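Chain and residue survey
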Amino acid sequence: MVRIDCRLKPAVELNREIRLAAERGEGEVHLIHPEGRHNLAVGILAPVRVVVCGTAGYYCGGLCDGVELEVHGDAGWGLGENLMSGRIVVHGNAGSAAGASMRGGFIRVEGRAGPRAGISMKGGVLVVEGDVGAMSGFMMQKGTMIVCGDAGEGLGDSMYEGAILVAGRIQALGNDAVAGDPEPGDLDLIRKAGLDPGLDWKRVVSGKRLWHFDKKEWDLWKIAL
Amino acid sequence: MCGIVGYLNRRGSSGAAEVLYRMLGFLERRGPDAAGLAVFGGGAARAGWAVRVLLSGPDRDGDEETLREFVRRNVPLREVRREGPYVVLELADQPDWGTLGDVVEDGTLRGRASIVYAGSEGDLWKAVGPVEGLRGFVASRPGAGHGIGHTRMATESREDLINAQPFAAKNMPDLAAVHNGHITNHLEWKRRLERRGYRFTAESDSEVIPACLAEWIREGATLEEALREALRAFDGSFTILAADGRSVGVVRDRFATKPLVIAETEDFVAVANETTAVAPLLGEGVHVYEPSAGEVRVWSGSTAA
């Protein structure tokens, strides 16, 4: 196990050290004293386990493929952006745009997430055990977002595909987002994530009215604007 | 960019200036052009009413003399003192804020004198350059219980003291604000308030914020309601922190374009636009969270003890 003190090096070097440790076959890297620093564990393309021992700043775990990341604190905005595969668990809250553009893998936020959680998701599973902020799931294209708490306004706005499962209250759906009952596969996923399938789950998907947008369809303009 | 911080000590009036100063240190790279603090309560409060004036003309000594004479003729003065680039007018009684503004900013010294703070419960200091420039002010205000701070990255107005933040209201005592973002319809609001007699002496968009908040509070709003009104009134991107003699408040624009984290415990409330600024304050099990878009929060209580 390797320990790296975040106070002593810039993020570029920290991340290089994690990559080198992974290449050497080290199973686990601990980042100590993170103290809200940005860009921790970014661009890690190996199945190494990274533990952030405290609170991380922006873009933690971004651009990773295969990483197993655990944050013992909170994460700032842009958590796990563009995750290709792997697993990220935050034992706290996440800021804006958690799991933005993620293409695969699994992200779990045990607290709440800020606005735009799962924006432009392209795959994978994002679980938020608390509430998510406004415009979450905006332009989502694939994958599943699971929200155990409440969702802010504009949920699933302009989403193309994928599904958002919400157990709490939805403040307002976004443009062309439609809420319905969960499917059997959804409940399996919820169970697999260790969550209670007995909660009042709603499944939010695209209404697909914006898929074939014709500028002469005035009613759609009203929805879009 | 720009760094913004807010802090409220829930256990009474002390230590806030020092905490805010340390928090700002982490955000210096977000705004190396200027730094500023507005602190309230305890040692920040004065025995009476005071007005902090910035003289920006080339002949400071001459202007100070003119100001002294001119104010003395119109407003009952207790003392006039020079503090760094500022002149502090200690007043015998609460003045008519309109008259005072006319006297200081619209007389002979028009274009060379600006009121940067007015009130009895708090005080404000800003300095061009790094956060270090606030050191002396911070040391002189150990009893402050809450306040707000700013590190500035100049975007649309000059890198000078007059355009640095926090900005304070001139039509109401003890109200200041800091801002990260751009208010794109600020000229519209400046014109509207100028028609009501308000003077703007900076070129910054942010100067309009405390002026508008004060205007809405004068019309009967609470600080929280005024911050909510900001959501309707202002276009653009903004996270605004505002503080008065009792409270620290925050409003975030409807798209949450600018970052903000909040840490809240039984002992304190700390807010900043980067986690690095609040992380050193976090004990075991204390979490930070990001409020949603269009959210308004106000915390009170540092001066209650």
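Please refer to the structure placed before this passage.
Overview of the structure. Worth saying up front: this structure is predicted, and the values here are computed from it rather than measured. (Residues numbered from 1 in each chain as written. Chains lettered and ligands numbered in written order. Predicted model: local features only at pLDDT ≥ 70, side-chain atom pairs only at ≥ 80, totals over all residues. Heavy atoms only, no water.)

Here we come to the overall build of chain B. Scanning chain B from N- to C-terminus turns up 8 helices and 16 strands. What you see for chain B is a C-alpha radius of gyration of 18 Å, in line with the 19 Å of a compact globule of 305 residues. Along the first, second and third principal axes, the C-alpha set of chain B runs to 60 × 40 × 35 Å. Buried positions account for 63% of the 305 residues belonging to chain B. Sequence separation of at least 24 residues holds for 73% of the intrachain contacts in chain B that already meet a minimum separation of 6. (Helix = DSSP H or I, 4+ residues; strand = E, 2+ residues; numbered from the N terminus. Rg over C-alpha atoms; globule rule 2.2 N^0.38 Å. Buried < 20%, exposed > 50% of the residue type's maximum accessible area, 1.4 Å probe, protein only. Contact = heavy atoms within 4.5 Å.)

Time to look at the packing of helix H6 (residues 208-218) of chain B against helix H7 (residues 223-233) of chain B. Residue and element names in this part refer to chain B. Two elements in contact, H6 and H7, have axes whose closest approach is 9 Å; the angle formed by their N-to-C orientations is 120°. Regarding the angle of H6 to H7, the classification is oblique. Between H6 and H7 lies a crossing whose hand is right-handed. Here Leu-213, Trp-216 and Ile-217 of H6 come into contact with H7, specifically with Leu-223, Ala-226, Leu-227, Glu-229, Ala-230 and Ala-233. Its residues placed into classes, the contact of H6 with H7 shows 8 nonpolar, no polar and 1 charged. (Axes fitted to C-alpha atoms, helices over the stretch in contact; angles between N-to-C directions. Parallel < 35°, antiparallel > 145°, perpendicular 65-115°, else oblique. Left-handed = near helix turned anticlockwise from the far one by under 90°. Nonpolar A, V, L, I, M, F, W, Y, C, P; charged D, E, K, R; others polar.)

All right, on to the sheet that holds strand S8 (residues 142-147) of chain A then. Residue and element names in this part refer to chain A. Here 11 strands make up an open sheet; going across it, the order is S1-S2-S3-S4-S5-S6-S7-S8-S9-S11-S10 and the pairing mixed. Among the strands making up the open sheet, the edge pair consists of strand S1 (2-5) and strand S10 (177-180). If you compare each strand with its neighbour and ignore which way they point, the axes differ by 15° on average. Across 4 bridges, the pairing between strand S6 (residues 106-109) and strand S7 (residues 122-128) is parallel. Following the sheet pairing, Phe-106 is matched in S7 by Val-125. The sheet contacts of helix H1 (residues 11-23) involve S1, strand S2 (28-32) and strand S3 (49-53), and relative to S1 the element is tilted by about 175°. (Pairing = 2+ DSSP bridges.)

Turning next to the interface of chain A and chain B. Contact residues are listed per partner, giving 22 residues for chain A and 24 residues for chain B. Here chain A and chain B share an interface that buries about 1500 Å² over both sides, 53% of which is from carbon and sulfur atoms. Where chain A packs against chain B, one counts 9 residue pairs in polar contact (both at pLDDT 80 or more). Residues that form the side of chain A that touches chain B fall into these classes: 5 nonpolar, 11 polar and 6 charged. (Buried area = accessible area lost by both parts, 1.4 Å probe. Polar contact = N/O pair within 3.5 Å; in protein donor to acceptor, adjacent residues only side chain to side chain.)

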